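Examination of the molecular architecture
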Amino acid sequence: MEGFSLPDLSAVPTLTGLLVMLFAAAVALTVSQRTVQRDATERLPWWLAGTVALATGLWASGVLGVAHLAMAAGAEFDVTWSVVAGLATFVFAALGLHASLARQPSMGQRLAGVGLLGAATLAPTLSSLAAVGLQRSDLAQLSGLSLLGWMVASSSFGWGMAVAQRPNCSRRAQAAAAALIGAGVLAAQSLVLGAVPWPAPFDLADGDGIGSHTLATLASVGAGELLLLLALALAVEARLRGRLDRAQTELMAHALRDELTGLANRSAFDQRMSALQREVDAGRGKAAVLLVALDGFRQVNESYGHACGDALLLEVAQRLRTLVEADALARLGGDEFLLVLHGDAALQEATVLAAQVVATLSQPCHIDGRELATSGSVGVAGYPVHGPASELLTHAAVAMRTAKNAGGNTYAIFDPRMVIDQRDQAELLHDLRLALVRSQLELYYQPKVHAPSAQITGVEALLRWHHPQRGMISPVIFIPLAERSGLINKIGAWVIDEACRQARAWRDQGLRMRVAINLSAHQLRQRDLPQYIADALQRHQINPDLLTCEITESVAMEDTETTARFFAELAAVGVHISIDDFGSGYSSLSYLRKLPAGELKIDRSFVMDVAHSEEARKIAAAVVQLAQALKLKVVAEGVETEAQFNILRQLGCDELQGFLFAKPMSARALGLWAAGDDGTRAVQFSESLFQESRSLAL
Ligand code: C2E
Ligand code: MG
Ligand code: MG
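Described below are features of the structure shown in this document. (Residues numbered from 1 in each chain as written. Chains lettered and ligands numbered in written order. Predicted model: local features only at pLDDT ≥ 70, side-chain atom pairs only at ≥ 80, totals over all residues. Heavy atoms only, no water.)

1. Concerning the coordination of the magnesium ion (ligand 3)
Metal coordination angles have textbook ideals: 109.5 degrees for a tetrahedral set of four donors and 90 or 180 degrees for an octahedral set of six. Note the cut-off: Note: metal donors comprise N, O and S atoms at 2.8 Å or less from the metal (3.2 Å for Na, K and Ca); water molecules are not included, so apparent gaps in a site are possible. Throughout this description, buried means an accessible area under 20% of the type-specific maximum (1.4 Å probe, protein chains only), exposed means over 50%, and partly exposed covers the range between.
Coordination of the magnesium ion (ligand 3) by the protein is provided by Asp580 (OD), Asp581 (OD), Glu637 (OE) and Glu637 (OE), with metal-donor distances spanning 1.9 to 2.8 Å. In the primary sequence, the donor residues of the magnesium ion (ligand 3) line up as D-D-x55-E. By relative accessible area, which is 22% here, Asp581 ends up partly exposed.

Dropping the structure here:
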């Protein structure tokens, strides 16, 4: 059998080569997956890492196969060709991966990619065969099998990459893809090596280059180590990424949750609403939202601190949780909460729920041993009944504001007219800004009478707005508007000035009238107001003793620290302080005692009922006793009937005010009324009080 021998099967790549290649394919596929997931800017290092892994595996398995043959023939590797082997593998692998991992590669790119990877598979084998001195003519004989090998390698890369790049490719599928590539590469290299004539006519004799043994060791150990390092780096990266992903998930959850209450927040609510809208649009039920806002929450924060405000919000969230499922509840921010309902009768259910919300919020809260009287305003709007889903929240807010404007502690269902009302408010505000400049504001005056003698003791200045189109507008309408817009400070300053000017004018006419003005909550926060009042009194030469400042009880109780400081500064100016609408708020007696107030005005609601309600009478009597105990003067306002007048006088009220005596009127009308010229006076007017105050006038 001389002259003929079968290719030595031991010439096929060794087991080490197979292992290295499988390892390399697995690493390269993992890296390829990452490369595909990354943005263009982050791809370069991943692509390079993939190239290094794949080229190392291909080179090592190629070199090991050739080294095995060379060792048997005692041949060595030429250094230049060995370098060419490495470089060629790297370049083909780099280009092949680049084309295969392109974003949405075309068919041409795909084919070019796998073709280049096939070339990368055979490059180390063929270059290494040249490195060990296989004659060019012998190499040429391998071209047919090389072509077949190239096709086998290219197609195994094509399939393997396709499997590994599928979205959500499992580990098992990835291992199978790596095995497919590994087997393809080994098959391709074996085809070429198996066709090398044997015994091979290797040229490079011992001592000319790198020993086959050395190179084989380098290929197996070096490549193994390099791949191991890459795999370790990948594992570390995967761990870090896992942590990052978990942090990201947590951040996402955090971004959808309200920190304080743990409820869903605005973003989560928006997501929920989008899903709900799709349901409704698909004909599955209807949607309704309830926007809940606490009444007077700002005051709680200002009076008792933010910790107390937070505790109140937690309590409110807790109460709302008992009414609806957790996923139907969100906090919008501040004191606003949202409840969502879905179903065929969503709006009807929302109405029932709104009443329950109002009821539960009106139960007092106990926070830090303090009882807080709470209440809420609820706006209800439905989809699709009240318009597009994008407007749902706005509509609920409009309804909520309507409930608030109605005094709070109630709910309102959206009505398109409400939008018009609010537009109307914007228009009114615009007009109010001009009212001062155009002299449309006027002070009316309502007399206060001495209860035992029914003689006039002074007047209360009440603001009126003569609107050119709407006629006379009540302060009940425009003062809250002015407060919300910040206009109140300007208007308030004008009232102070005008009241002092009028007091001076009356004095100059011989009438020494004690005047009371009303101050709003916002004015109390105006630090220079006491000084402004002092300056106005000075400017008009009015004795401070002739001016009374009325501050409603609820305002006085809003921010006790500010009020106490403000009252002290006012008292220092020398003016009187009166607590208006007393009985409507929740005064703490100990606090009231500390305020330098001189007068309490019983709220009109008690006066109204005093003649026919035992309860109202008891409250009025209690207020009078309280005022007497605190050495405060008591004024009853809103006295309309003789019966009320008699009862209040018997209860011990010091002064009375109401339509029974006179309605608020212009300064001129009051002058005539006081002089008894208009014949409308129901009680006797006495000069004596003027005499009394004349001595006090400057
Ligand atoms: P207030 O200070 O409690 O004034 C008493 C209100 O009761 C006045 O309403 C007055 O016209 C009305 N009134 C007086 N007697 C009777 C009566 O016998 N029967 C009835 N039904 N009502 C009576 P008005 O003038 O509409 O003022 C309402 C509120 O507007 C005032 O309540 C006060 O809080 C506020 N206000 C008025 N003028 C000013 C002002 O210049 N500045 C500020 N900040 N608020 C003002
Ligand atoms: Mg008043
Ligand atoms: Mg009042």
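Resuming the write-up.
2. Things to note about the site of ligand 1
Filter applied, for reference: Here a residue is near a molecule or strand as soon as one of its heavy atoms is found within 4 Å of it. Between N or O atoms, a polar contact is any pair within 3.5 Å; within protein, one atom must be a potential hydrogen donor and the other a potential acceptor, and residues adjacent in sequence are included only when both atoms are from side chains. For accessible areas, the Shrake-Rupley method is used with a probe of radius 1.4 Å. Any residue's cover is judged against the shown protein chains and nothing else. Put simply, DSSP H or I for four residues or longer makes a helix, DSSP E for two residues or longer makes a strand, and each gets a number counted from the N terminus.
By nearness alone, 24 residues border ligand 1, and Asn518, Asp580, Arg604, Glu640 and Phe659 come closest of all. At a separation of 2.8 Å, a nitrogen atom of ligand 1 approaches a polar side-chain atom of Arg604. Computed on the free molecule, ligand 1 has an accessible area of 780 Å², of which 85% lies beneath the protein chains in the complex. Of all elements in the fold, only strand S11 (455–467), helix H15 (475–485), strand S13 (515–519) and strand S15 (576–582) reach the threshold of two or more residues within the shell around ligand 1. Sort the elements by how many residues they give to the shell around ligand 1 and S11 lands first, with 4 residues.

3. Some remarks on the packing of aromatic side chains
Stated precisely, the cut-off is as follows: Here a pair means two rings of Phe, Tyr or Trp (six-membered ring of Trp) with centres within 6.5 Å. Their orientation is stacked below 30 degrees between planes, edge-to-face above 60, and tilted elsewhere.
Scanning all chains against the criterion turns up 3 aromatic pairs. Consider the rings of Tyr445 and Trp506, whose centres lie 4.8 Å apart with planes at 70°: the pair is edge-to-face. Of this pair, Tyr445 sits in strand S10 (residues 441–450) while Trp506 is found in helix H16 (residues 488–508), placing the two residues 61 residues apart along the sequence. Classification of Tyr445 by relative accessible area gives buried; the value is 0%. Looking at Trp506, the relative accessible area reads 1%, which means it is buried. Look at Trp465 and Phe478: their rings are 5.6 Å apart centre to centre, the planes differ by 80°, and that puts the pair in the edge-to-face class. Of this pair, Trp465 sits in strand S11 while Phe478 is found in helix H15, placing the two residues 13 residues apart along the sequence.

4. Some points on the pairing of strand S8 (residues 376–383)
The test is simple: Whether two strands pair comes down to DSSP finding at least two bridges between them. If you view a crossover with the strands going away from you and the path from the first strand over the helix to the second runs clockwise, you call it right-handed.
S8 sits mainly inside the fold: 8 of its 8 residues count as buried. Judged from the 8 bridges that link them, strand S3 (residues 286–294) and S8 form a sheet pairing that is antiparallel. In the sheet register, Val289 faces S8, and the bridge partner there is Ala381. Bridge analysis of S8 against strand S9 (residues 410–413) gives 4 bridges, and the strand direction is parallel. The residue bridging Ser377 from the neighbouring strand is Thr410, located in S9. Tracing the backbone out of S8, into helix H13 (residues 392–405) and back to the parallel element S9 gives a crossover that is left-handed.

5. Quick notes on the environment of His386
Formally: Whether two residues touch is decided by their heavy atoms; if any such pair falls within 4.5 Å, the residues are in contact.
Residue position: His386 is located in the loop between S8 and H13. Non-local contacts of His386, meaning those with residues more than four positions away in its chain, are made with Leu347, Ala381, His395, Ile413 and Phe414. For His386, the side chain forms a polar contact with the main-chain oxygen of Phe414, separated by 3.4 Å.

6. Observations concerning the nonpolar core
Going by this rule: The set of buried Ala, Val, Leu, Ile, Met, Phe, Trp, Tyr and Cys residues whose side-chain atoms join them within 4.5 Å is what this entry labels a nonpolar core.
Within the largest apolar cluster, 86 residues are counted, with the highest numbers of intra-cluster contacts made by Ile551 and Leu656. No other element matches the 8 residues that H16 contributes to this core. Other than its neighbours up to four places away in sequence, Leu656 contacts Pro447, Lys448, Val449, Ala451, Ala636, Val639, Phe645, Leu648 and Phe661. Ranked by size, the runner-up nonpolar core spans 60 residues in total, among them Met21, Val132, Val196 and Leu215.

7. Overview of the coordination of the magnesium ion (ligand 2)
Only Glu460 (OE), Asn518 (OD1), Glu550 (OE) and Asp580 (OD) from the protein coordinate the magnesium ion (ligand 2), and they sit 2.0 to 2.2 Å from it. Taken as a pair, the magnesium ion (ligand 2) and the magnesium ion (ligand 3) lie 4.2 Å from each other and share Asp580 as a ligand. With Glu460 in strand S11 and Asn518 in strand S13, the pair connects residues that are 58 residues apart, well separated along the chain. Under the relative-accessibility criterion, Glu460 is labelled buried at 3%. By relative accessible area, Asn518 is classed as partly exposed at 29%.

8. Concerning the sheet that holds strand S4 (residues 329–333)
For clarity, the cut-off: Geometry is summarised by axes, namely lines fitted to C-alpha atoms with helices restricted to the contacting stretch, and by angles between N-to-C directions that run from 0 to 180 degrees.
As summarised here, the arrangement of the 5 strands in space is S4-S5-S3-S8-S9, forming an open sheet in which the pairing is mixed. One side of each edge strand has no neighbouring strand; the edge strands of this open sheet are S4 and S9. For this sheet, the mean angle separating the axes of adjacent strands, direction not counted, is 25°. Those strands touched by H13 are S3, S4, strand S5 (336–343), S8 and S9, and its axis lies near 145° from that of S8.

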